[in-house]
Amino acid sequence: MNIHEYQAKEILRGFGVPIPAGKIATTPVEAEAIAKELGVAVMVKAQVHAGGRGKAGGVKFCKNPAEAKEKATAILGMQIKGLTVEKVLVTVAADIGSEAYVGIIVDRQRKKPVFMVSAAGGIDIEQVAAQTPEKILYLPVDTRYGLRGFEAMRMGFFLYSDVKLAKQAAKIMQQLYAAFMASGCSLAEINPLVATPTGELIAVDGKMVVDDNELDRHADIEALRDVSSEAPSEVDARNCNLTFIKLDGNVGCVVNGAGLAMATMDLVKYYGGEPANFLDIGGSSNPEKVVNALRIITADPNVKCILFNIFGGITRTDDVANGIVTATKANPLKVPIVIRLTGTNEEIAMKILTENGFSASADMDEAVVKAVAMAKGGQAA
Amino acid sequence: MSIFINKDTKLVVQGITGRDGSFHTKQAMEYGTNVVAGVTPGKGGQMFEGTVPIFNNVYDAVAKTGANTSVIYVPPMGAADAIMEAVDAGCATVVCITEGVPVLDMTRVYPFVKEKGARLIGPNCPGVISPGQAKVGIIPGRICIPGNVGVVSRSGTLTYEVVYQLTRAGIGQTTCVGIGGDPINGTNFIDCLDAFEKDPNTHAVAMMGEIGGTDEQEAADFVKNKMTKPVVGFIAGQTAPPGRRMGHAGAIISGSAGTAAEKIEAFKAAGIGVAVRPMDFVELIKAKLK
């Protein structure tokens, strides 16, 4: 789960990381008031879950409160990568001497969190990694020991030759690591970490991504979720314990298992169709899940045909069949449905479906071909 | 022969009295797996289905029954601890079915398991089946038949799909392994390919990968440099949009590493037969077995 810059900064501040003062505003008048209260030049920064906010014009320097109001007017409501800006962070503009990059990411190759630090901060770290890899220090951390003092100091001296700055940086590494672990992150970064001309380090931008699997442990972080930044159908699906991602096509897919769901989307495309979504109803099935899945999929006006692809292992196919019958009785379908199911309790499922006027096949390719044809307005092959 | 599990597997089930644990233990027993013990803290001394003794911890289970393999059905927040307990108690093979294990937990588990020299499969996986010998996990027994093809996959139901199609075509399997869809798991493609290469009964391997990470590319290098047996591969997520997590924590395309196109290229470069659709495995494997 992504959290906003201002939320990440609050967490980091709690762990001692030096963060410039600032507050969140949802209107230009609020932005002006915050700038006035801060009493210095400020940055007005769009709070959306997208990279490249600066390049999109979502981050502006403002000399005075009037300018803060003016810039906030421009930024609030603007679109950045398809997301509408609804909040801005108004924060003290730091006096920049130099900019460094500090990040931690869980690395699947090393199977550890790995620090990436570079004195070439402020810009795209992927670009630095691609063009000048020698400017990045990679430091894997054994989470059984945590970040050890000498490791933090090594990174401090990699960034700064001045011992005072190196020590400050080492302390920030420890604080960042503590925040990363305590929040169950898969990524945490400070970019840029600014050294001011007077020799102070300050985290001017912060980002944290929390492992979805950790959220059961972290009600405080779950509470930071910004549902306005997600498609409503995806929020609805998550509340029903379904994994759903909206796409642009017209074949609505209901599948059990992530791998099979992806393979089904691929097959739809292979046979000339376009999937309308990724939807995994998961393992342990109950008819309720199917009812919810159908409700979410049929809410998409683009969907011209619904395709079920169920391979029953843990999932009982009779549960799925019952779900289809229940859902369509309550809300008759306006688009055709193609059902493929095989596996656990297949015979019972087929009987339930046939008795209720549905037909189903046991072959995946056959079902996909039929669904693609129906979505195009054709007849079943 | 087979890999990881066989007729000598003596299984302890951690979380045997839970909903999933009890259901799948019955299935495994019906399949003929030698289930020797169960573990549920607080239920030690009871019996499961009247035949399998339940213990409070894995140490007691191993000491009393000689269990050598564990399967884990405990909830996600306790799964990492359960894995380490099984390994510490002496289980050489541990299969963790549990989905939703935090990745930072796995950063502690992985080095511990390696240092103890144990084999961890999963988490977030359907488990392992050696048809006709033993079933550890949730892969449906009736879709498999004994034979000469090794199957390894990051997915669950997609594995069933492919195994089902192979079985329908009369192509049997030595062992089917679901390694799981998480970013950090105990066993990767290379571990399985290496084991299949060394297993005399395996004559060809079917491998199902997904978008995300570079495991498939590394597996392709291994096939090219270290394997004599033919391999056929498939990548799920060819049409997935970048930056979105497709259910599995690992199934996300980020940066340049992890797209389906890259992985398919790597397969081709390594001489791996590429199945465009799951059904293509049948003809490609048939051709390789000739």
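For clarity, every value in this text was computed on a predicted model and none was experimentally measured. (Residues numbered from 1 in each chain as written. Chains lettered and ligands numbered in written order. Predicted model: local features only at pLDDT ≥ 70, side-chain atom pairs only at ≥ 80, totals over all residues. Heavy atoms only, no water.)

S.K.: What exactly am I supposed to notice about the packing of helix α5 (residues 157-168) of chain B against helix α9 (residues 280-289) of chain B here?
M.R.: Angle between the axes and distance between the axes are the two parameters that describe a pair of packed helices. Residue and element names in this part refer to chain B. The interhelical angle for the contact between α5 and α9, taken along N-to-C directions, is 55 degrees, at an axis separation of 9 Å. Relative to α9, α5 is oriented oblique. Handedness of the α5/α9 crossing: right-handed. Contact residues: α5 offers V162, Q165 and L166, while α9 offers F281, V282 and I285. Classifying every residue of the contact of α5 with α9 gives five nonpolar, one polar and no charged. (Axes fitted to C-alpha atoms, helices over the stretch in contact; angles between N-to-C directions. Helix = DSSP H or I, 4+ residues; strand = E, 2+ residues; numbered from the N terminus. Parallel < 35°, antiparallel > 145°, perpendicular 65-115°, else oblique. Left-handed = near helix turned anticlockwise from the far one by under 90°. Contact = heavy atoms within 4.5 Å. Nonpolar A, V, L, I, M, F, W, Y, C, P; charged D, E, K, R; others polar.)

S.K.: I would appreciate a short explanation of the environment of F48(B) in the present structure.
M.R.: Residue and element names in this part refer to chain B. Here F48 shows up in strand β3 (residues 47-48). For F48, a relative accessible area of 7% puts it in the buried group. Along the backbone, F48 and A37 are eleven residues apart, and their C-alpha atoms lie at a distance of 8.6 Å. Other than its neighbours up to four places away in sequence, F48 contacts I16, S22, T25, K26, M29 and I54. (Buried < 20%, exposed > 50% of the residue type's maximum accessible area, 1.4 Å probe, protein only.)

S.K.: What exactly am I supposed to notice about the domain arrangement of chain B here?
M.R.: When the parts of a complex come together, some accessible area is lost, and that lost area is often used as the size of the interface. Residue and element names in this part refer to chain B. You can read the domains of chain B as domain 1 (11-121) and domain 2 (139-289). The C-alpha centroid of domain 2 is placed 26 Å from the C-alpha centroid of domain 1. Here domain 1 packs against domain 2, burying approximately 840 Å² in sum over the two surfaces, 59% of which is carbon and sulfur. The largest contributions to the domain 1 side of the interface with domain 2 come from Y31, R119 and I121, which together make up 42% of the buried area. Summed over the shared surface of domain 1 and domain 2, the number is one salt bridge. Where D191 meets R119, a salt bridge forms, and the shortest distance between an N and an O atom there is 3.7 Å. Secondary structure elements with two or more residues in the side of domain 1 that touches domain 2: α4 (103-116) and β7 (119-121). (Domains from an automatic or database assignment. Buried area = accessible area lost by both parts, 1.4 Å probe. Salt bridge = Lys/Arg side-chain N within 4 Å of Asp/Glu carboxyl O.)

S.K.: So what exactly am I meant to see when it comes to the domain arrangement of chain A here?
M.R.: Along its sequence, chain A is carved into domain 1 (21-92), domain 2 (98-222) and domain 3 (231-375). Its C-alpha centre places domain 2 of chain A at a distance of 43 Å from the equivalent point of domain 3 of chain A.

S.K.: Looking at this structure, how should I read the packing of aromatic side chains?
M.R.: Aromatic rings in a pair are described by how distant their centres are and how their planes are angled relative to each other. Summed over all chains, the structure comprises five aromatic pairs over all chains. Ring centres of Y270(A) and Y271(A) lie 4.9 Å apart, and the angle between their planes is 90 degrees; this geometry places the pair in the edge-to-face category. Exposure remark for Y270(A): the relative accessible area of 43% places this residue in the partly exposed category. When the ring of F234(B) is compared with that of F281(B), the centres are 6.5 Å apart and the planes differ by 55 degrees; the resulting orientation is tilted. Linking F234(B) in strand β13 (residues 231-236) with F281(B) in helix α9, this pair joins segments that are 47 residues apart in sequence. Members of the aromatic cluster, connected to one another through ring pairs, are F311(A), Y160(B) and Y164(B). The ring of Y110(B) has K111(A) sitting right over it, with the charged end atom 4.9 Å from the ring centre. Over the aromatic face of Y145(A) sits the side chain of R144(A), whose NZ or CZ is 5.9 Å from the ring centroid. (Phe/Tyr/Trp six-rings, centres within 6.5 Å; stacked < 30°, edge-to-face > 60°. Lys NZ or Arg CZ within 6 Å of the ring centre and 35° of its normal.)

S.K.: How do you make sense of the nonpolar core when you look at a structure like this?
M.R.: Nonpolar side chains in soluble globular proteins tend to end up buried together. Judged by nonpolar contacts, the single largest core of 93 residues is most densely connected at L166(B), L193(B), M207(B) and F281(B). Looking at this core element by element, the count peaks at eight residues for helix α9 (residues 258-270) of chain A. Those residues in contact with L166(B) that lie beyond four places of it in its chain are V149(B), V151(B), I171(B), Q173(B), F281(B), V282(B) and I285(B). The next biggest cluster of nonpolar side chains, apart from the first, holds 74 residues, and it includes I19(A), I104(A), L147(A) and A170(A). (Core = buried A, V, L, I, M, F, W, Y, C linked by side-chain atoms within 4.5 Å.)

S.K.: Sorry if this is basic, but what is going on with the interface of chain A and chain B here?
M.R.: On the side of chain B, 57 residues touch chain A, which itself brings 49 residues to the contact. Here chain A packs against chain B, burying approximately 4,400 Å² in sum over the two surfaces, 58% of which is carbon and sulfur. Across the contact surface, chain A and chain B share five salt bridges. A salt bridge links R217(A) to D105(B), with the shortest nitrogen-to-oxygen separation between them at 2.6 Å. Linking chain A to chain B there are 14 residue pairs in polar contact (both at pLDDT 80 or more). Of all the secondary-structure elements, those providing two or more residues to the side of chain A that touches chain B are β8 (112-118), α6 (163-182), β13 (243-246), α9, β16 (305-312), β17 (337-343) and α13 (364-375) of chain A. Examining the composition of the side of chain A that touches chain B, we find that ten residues originate from one element, α9(A), more than from any other. Among the residues forming the side of chain A that touches chain B, the class breakdown is 20 nonpolar, 14 polar and 15 charged. (Polar contact = N/O pair within 3.5 Å; in protein donor to acceptor, adjacent residues only side chain to side chain.)

S.K.: What's the story with the pattern of salt bridges in this structure? I'm lost.
M.R.: Close approach of charged atoms allows side chains of opposite charge to pair. Per the stated rule, a full pass over the model turns up 33 salt bridges over all chains. Between R53(A) and D205(A) there is a salt bridge; the shortest N-O distance is 2.9 Å. Of this pair, R53(A) sits in the loop between β2 (42-46) and β3 (59-62) while D205(A) sits in the loop between β11 (201-203) and β12 (206-210), and the two are 152 residues apart along the sequence. The same class applies to R53(A) and to D205(A), which are both buried. A salt bridge links K263(B) to E216(B); the nearest nitrogen and oxygen atoms lie 2.4 Å apart. Here K263(B), found in helix α8 (residues 260-269), pairs with E216(B), found in helix α7 (residues 215-226); they are 47 residues apart in sequence, far enough to count as distant. Residue K263(B) is classed as buried on the basis of its relative accessible area, which comes to 0%. Residue classification places E216(B) among the buried positions, given a relative accessible area of 0%. One network of salt bridges, in which partners are shared, links E5(A), K9(A), K45(A), R53(A) and D205(A).

S.K.: Sorry if this is basic, but what is going on with the sheet that holds β3(A) here?
M.R.: Pairing between the strands of a sheet is mediated by backbone hydrogen bonds and can be parallel or antiparallel. All names here are of chain A. Reading across from one edge, β1-β6-β2-β3 is the order of the four strands in this open sheet, with antiparallel pairing throughout. Here the strands that pair on one side only, and so sit at the sheet edges, are β1 (22-25) and β3. When the angles between neighbouring strand axes are averaged without regard to direction, this sheet yields 20 degrees. Examined bridge by bridge, β2 and β3 share four bridges and lie antiparallel to one another. Each bridged residue has a counterpart across the sheet, and for M43 the counterpart in β3 is F61. The strands that helix α1 (residues 5-14) touches are β1, β2 and β6 (88-92); relative to β6, the one it contacts most, it runs at about 45 degrees. The sheet strands contacting helix α2 (residues 28-38) are β1, β2 and β6, and the helix crosses β1 at an angle near 170 degrees. (Pairing = 2+ DSSP bridges.)

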